[in-house]
Amino acid sequence: MKFQITVQGQEIALPCEAGESVLEAVERAGFAVPYSCRKGVCATCECDLVGGSVAVGRRATHEGAQPNLRICVATPTSDIVIAPRSIARATPQHRKRMTASVYRIDRPAPDVSVLRLRLPIGRRLPFRAGQYVRVHFGDGQTRNYSLANDPRDNGQLTLHIRHVPGGLFSGALLAKLKPGDLLDVEGPFGQFAPAGPGDAPLLMLATGTGYAPLRSVISDLVQKRNRRRVHLFWGARTTADLYDEHSLQRLAQQNAWFRYTPVLTTPEADWTGRTGFVQTAALDQYPDCSGMEVLACGNPSMIDQARSLLQARAGMSPHAFTADAFVPSGDSNTTQ
Ligand SMILES: Cc1cc2nc3c(=O)[nH]c(=O)nc-3n(C[C@H](O)[C@H](O)[C@H](O)COP(=O)(O)OP(=O)(O)OC[C@H]3O[C@@H](n4cnc5c(N)ncnc54)[C@H](O)[C@@H]3O)c2cc1C
């Protein structure tokens with residue numbers, strides 16, 4: 001059955017197919033609302049439900065007014081009225097689902113694998129730097145992984161995967177993967193990207209494999225002959241975890257606009273660089289972020305702390321902060 005979604009206070013009404021999430025229906029109708037994980041975990045897509053009823057995940061149903069509804073996992077069960085934080089016209093994103101083959105797996109750090117996938121001959125997956133793909137595997141399970149490669153090189157996909165102890169994909173499945181194996185991938189998804197070409201200095205904060213989408217954004221900026229100032233703070237535990245150190249040092253030497261600061265939480269005795277948390281290191285360096293744009297990716301608690309610290313102490317505008325939190329994207333985590 002088809003239901004209607006009405007956006008409160010705006011002249012927007014759109015159809016929602018049976019089984020479709022509110023977010024999917026909104027996108028299909030040519031609108032964009034903020035989202036990140038599409039798993040009901042990160043809360044980026046929260047809207048108020050003003051009226052009507054929805055089913056959420058496999059568990060709950062909600063009827064009538066309900067604040068903070070995660071519309072990526074909410075399926076209407078009647079006509080509904082929603083009040084999103086923001087909604088704008090957007091070009092619908094053309095997503096593809098295809099079988100990619102593993103052509104290389106590297107282990108540049110003790111708990112990180114770089115997985116390179118090739119798409120079938122003649123197939124491409126156009127994406128914007130900063131976006132992610134969804135890997136589908138047994139029993140309808142999926143995991144999200146950011147694309148680390150240059151978006152021009154879209155006949156292949158490069159993923160940086162941190163091994164999560166006990167992790168289904170990053171542990172057991174990844175350990176068995178070998179060149180020639182096939183993976184079912186869908187994408188692109190995500191809105192993690194610099195807001196625009198502007199010339200505001202760009203502050204990048206990453207922890208661990210949160211570096212992956214920023215690698216893609218930096219490659220894209222290099223290709224576009226960027227002149228905008230960019231400073232990447234990359235947080236890790238030890239030097240062994242800084243798995244792309246040489247290439248970042250080289251980029252910083254070759255491009256006057258790019259600076260790179262590694263930040264270690266548990267450094268070796270001979271480490272002379274920055275220590276502690278990336279957000280604190282960034283604040284020390286930039287006590288006034290009022291004219292800067294910030295891109296943060298990785299550990300959810302780093303992202304929460306960076307957002308509040310830079311807003312409260314460095315005058316960062318809330319609109320200047322864009323983040324992708326690597327919340328666990330296993331399907332069992334659908335909350336609400
Ligand atoms: C938008 C988005 C982009 C992402 N991009 C990347 C990426 O580029 N690289 C990458 O390495 N990961 C990325 N992730 C996380 C990734 O999708 C998986 O959640 C992660 O790899 C764990 O999956 P798994 O199957 O190995 O573990 P699961 O089987 O899902 O989880 C096993 C156990 O570990 C816990 N767990 C899962 N993830 C974490 C975590 N991050 N920290 C602490 N405990 C955890 C779970 O709660 C569970 O108890 C991204 C997530 C999102 C939402």
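Above this note sits the structure.
What counts, and at which threshold
- Residues numbered from 1 in each chain as written.
- Predicted model: local features only at pLDDT ≥ 70, side-chain atom pairs only at ≥ 80, totals over all residues.
- Heavy atoms only, no water.
- Helix = DSSP H or I, 4+ residues; strand = E, 2+ residues; numbered from the N terminus.
- Rg over C-alpha atoms; globule rule 2.2 N^0.38 Å.
- Buried < 20%, exposed > 50% of the residue type's maximum accessible area, 1.4 Å probe, protein only.
- Contact = heavy atoms within 4.5 Å.
- Areas by Shrake-Rupley, 256 points an atom, 1.4 Å probe, with all protein chains shown as cover.
- Lys, Arg positive; Asp, Glu negative; His and termini not counted.
- Charge placed at Lys NZ, Arg CZ, Asp CG, Glu CD.
- Salt bridge = Lys/Arg side-chain N within 4 Å of Asp/Glu carboxyl O.
- Polar contact = N/O pair within 3.5 Å; in protein donor to acceptor, adjacent residues only side chain to side chain.
- Pairing = 2+ DSSP bridges.
- Axes fitted to C-alpha atoms, helices over the stretch in contact; angles between N-to-C directions.

Colleague: Tell me about the overall build of the protein, residues and numbers included.
Modeller: Check the secondary structure of the protein and you find six helices and 22 strands. Computed over its C-alpha atoms, the radius of gyration of the protein comes to 20 Å, within 12% of the 20 Å expected for a compact globule of 336 residues. Here the C-alpha coordinates of the protein stretch approximately 65 × 50 × 35 Å along the principal axes. The proportion of buried residues among the 336 residues of the protein is 52%. Excluding contacts between residues fewer than 6 apart, the proportion of contacts in the protein whose partners are at least 24 apart in sequence is 69%. Accessible area of the protein: about 15,600 Å², with a carbon and sulfur share of 50%. Treating the 37 positive side-chain charges of the protein as one cloud and the 30 negative ones as another, the clouds have centres 5 Å apart.

Colleague: Can you lay out unusual backbone geometry for me, pointing to particular residues and giving the numbers?
Modeller: Cis geometry is found at the peptide bond from G187 to P188, where omega equals 0°. Considering the arrangement of structural elements, one finds P188 in strand β16 (residues 182-189). The phi torsion at R38 lies on the positive side, around 55°, for a residue other than glycine. For R38, the location among the structural elements is in the loop between β3 (31-32) and β4 (46-51). Phi angles above zero are rare outside glycine, and R225 is one such case at about 50°. A residue is classified by how much of its surface remains accessible, and R225, at 68% relative accessible area, is exposed.

Colleague: Got a sec to walk through the side chain of H231? Specific residues and values, please.
Modeller: Position of H231 relative to the elements: it lies in strand β18 (residues 230-236). Taking relative accessible area as the criterion, H231 reaches 2% and is therefore assigned buried.

Colleague: Break down the side chain of E186 for me, citing the residues and quoting the values.
Modeller: With respect to the element layout, E186 can be found in strand β16. For E186, which is buried and forms no salt bridge, the nearest opposite charge comes from R97, at a distance of 4.8 Å. One polar contact links E186 to H136, side chain to side chain, over a distance of 2.7 Å. When near neighbours in sequence (up to four residues on either side) are disregarded, E186 contacts K96, R97, V133, R134 and H136.

Colleague: Summarise the pattern of salt bridges; cite the residues concerned and give the values.
Modeller: A side chain with one charge may pair with a side chain of the opposite charge, provided their charged atoms come close. Tallying each qualifying case throughout the model produces 19 salt bridges. As a salt-bridge pair, E20 and R28 come within 2.6 Å of each other at their nearest N and O atoms. Salt bridges linked by common partners bring D150, R152, D220 and K224 together as one network.

Colleague: If you had to explain the pairing of strand β6 (residues 60-63) to someone new, which residues and values would you point to?
Modeller: Burial along β6 is one-sided: A60 and H62 are buried, while T61 and E63, pointing the other way, are not. With four bridges joining them, strand β5 (residues 53-56) and β6 adopt antiparallel strand pairing. Within the sheet, the bridge partner assigned to A55 lies in β6 and is T61. Between β5 and β6, which pair antiparallel one after the other, the connecting turn spans three residues, and G57 there sits at a positive phi close to 55°.

Colleague: Tell me about the environment of T61, and please be specific about residues and values.
Modeller: Topologically, T61 is positioned in strand β6. Take T61: its relative accessible area is 59%, and that puts it in the exposed class. For the pair T61 and R28, spaced 33 residues apart in sequence, the C-alpha separation works out to 23 Å. Look past the residues within four positions of T61 in its chain and what remains in contact with it is V54 and A55.

Colleague: Help me get a handle on the sheet that holds strand β14 (residues 141-146), residues and values and all.
Modeller: The strand order across the open sheet formed by six strands is β14-β13-β16-β11-β12-β15, and the pairing between neighbours is antiparallel. Both edges of this open sheet fall to β14 and β15 (156-162), since each of them pairs with a single strand only. The sheet shows a mean angle of 40° between the axes of neighbouring strands, taken without regard to direction. Alignment of strand β12 (residues 112-118) against β15, held across seven bridges, turns out to be antiparallel. Bridge pairing in β15 links L117 to L157. Lying over the sheet, helix α2 (residues 168-176) contacts β12, β13 (132-137), β14, β15 and β16, oriented at roughly 95° with respect to β14.

None of this, on its own, says anything about what the molecule does.
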